[in-house]
Amino acid sequence: MAVLNVARIPMSRVVIGLLAACCVPASVVLAQSVSEPALKAAFLYNFAKFTEWPPAGLSPSAPLKFCVADSPVADALEPTLAGRSIGAHPLVVARVALARGPIDELLRGCAVVYVTGLDPRRVTELIEALQGAPIFTVSDVRAFSEQGGIAYFFIEGERMRFGINTAAAERSHLHLSSQLLSLAQIVKDRSSQ
């Protein structure tokens, strides 16, 4: 069965890591020389740890693929994921360029997608192309989640935080842990506001 079971992961390590990633002030993070891309990489890793994919969306022992359209974040994510797995799924990073090409072909086989710097038309294309696919989509633009993306990063005060569109996660057949949701700002689709 391909469902990722977060209960098998030592929760104390997962919770401490996620809390540290989302609750440490940016000034402390910067003073300790942790960059914004490294912090985003830690969030992406923890998003995957706190998510269950449907059996049809991630076959047993298949790699859990992080598709990243941001070189600094991909650079930070590679060492974060090196040698790690979630359940029986080894973790891999794929760099993608979404400026051109059919989105559904570029992101085929991805479990987590992180994008940044897309124009509004391309964001709409991405969300429409991945509608209902079991892919955890993330950006750093609030409008991304309001349009149907699952998560976005934002700065509040001096802290990096994240918002999650739970309806988008449900449409993608992803089950998000209550621990993850308790730390998130919940975002609604524009159509339901």
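Residues numbered from 1 in each chain as written. Predicted model: local features only at pLDDT ≥ 70, side-chain atom pairs only at ≥ 80, totals over all residues. Heavy atoms only, no water.

Thoughts on the overall build of the protein
Counting its secondary structure elements, the protein contains 9 helices and 10 strands. Expressed as a percentage of contacts within the protein between residues at least 6 apart in sequence, the contacts between residues at least 24 apart total 62%. On the protein, roughly 9,000 Å² of surface is accessible, and the fraction owed to carbon and sulfur atoms is 55%. (Helix = DSSP H or I, 4+ residues; strand = E, 2+ residues; numbered from the N terminus. Contact = heavy atoms within 4.5 Å. Areas by Shrake-Rupley, 256 points an atom, 1.4 Å probe, with all protein chains shown as cover.)

Quick notes on the nonpolar core
Core analysis: the largest hydrophobic core is formed by 39 residues, its most contacted members being Leu44, Phe47, Phe66 and Phe136. Looking at this core element by element, the count peaks at 7 residues for helix H3 (residues 36-49). If we skip the residues at most four places from it in the chain, Phe66 touches Leu44, Tyr45, Ala48, Leu77, Leu81, Leu91, Val92, Val93, Ala94 and Val112. In this structure, Ile103, Val115, Val123 and Leu126 belong to the second largest nonpolar core, which totals 16 residues. (Core = buried A, V, L, I, M, F, W, Y, C linked by side-chain atoms within 4.5 Å. Buried < 20%, exposed > 50% of the residue type's maximum accessible area, 1.4 Å probe, protein only.)

Concerning the pairing of strand S5 (residues 112-115)
One face of the sheet, then the other: side chains in a regular strand alternate in exactly this way. Of the two faces of S5, both are covered, the one formed by Val112 and Tyr114 as well as the one formed by Val113 and Val115. Relative to S5, strand S2 (residues 64-69) is paired through 4 bridges, and the arrangement is parallel. Bridging across to S5, Cys67 finds its partner in Val113. Of the pairings in the sheet, the one linking S5 to strand S6 (residues 136-139) comprises 3 bridges and is parallel in character. Considered in S6, the bridge of Tyr114 is made with Val138. (Pairing = 2+ DSSP bridges.)

As for the packing of H3 against helix H4 (residues 71-81)
The N-to-C vectors of H3 and H4 enclose an angle of 55°; their axes lie 8 Å apart at closest approach. Here H3 is positioned oblique relative to H4, judged by the angle of their axes. In the packing of H3 onto H4, the handedness of the crossing is right-handed. In this structure, H3 contributes Pro37, Ala38, Lys40, Ala41, Leu44 and Tyr45 to the contact, and H4 contributes Pro72, Val73, Ala76, Leu77, Thr80 and Leu81. For the contact of H3 with H4, the per-class residue count stands at 10 nonpolar, 1 polar and 1 charged. (Axes fitted to C-alpha atoms, helices over the stretch in contact; angles between N-to-C directions. Parallel < 35°, antiparallel > 145°, perpendicular 65-115°, else oblique. Left-handed = near helix turned anticlockwise from the far one by under 90°. Nonpolar A, V, L, I, M, F, W, Y, C, P; charged D, E, K, R; others polar.)

Some words on the confidence of the model for the protein
Reading fine detail from the predicted coordinates is not recommended where pLDDT is low. For the protein, the average pLDDT comes to 83, and 80% of its residues sit at 70 or higher. The spread of mean pLDDT over the elements of the protein runs between helix H1 (residues 11-23), the lowest at 42, and strand S9 (residues 175-176), the highest at 98. (pLDDT = per-residue confidence, 0-100.)

Quick look at the state of the cysteines
A covalent bond bridging the sulfur atoms of two cysteines is what the word disulfide describes. Across all of its chains, the model carries 1 disulfide by this definition. Here Cys67 pairs with Cys110 through a disulfide, and the sulfurs are 1.9 Å apart. Between Cys67 and Cys110 the sulfur-sulfur dihedral comes to about -85°; the bridge is accordingly left-handed. Within this pair, whereas Cys67 is found in strand S2, its partner Cys110 is found in the loop between helix H5 (103-106) and S5, the two being separated by 43 residues in sequence. Cys110 carries the same exposure label as Cys67, and that label is buried. (Disulfide = S-S within 2.5 Å.)

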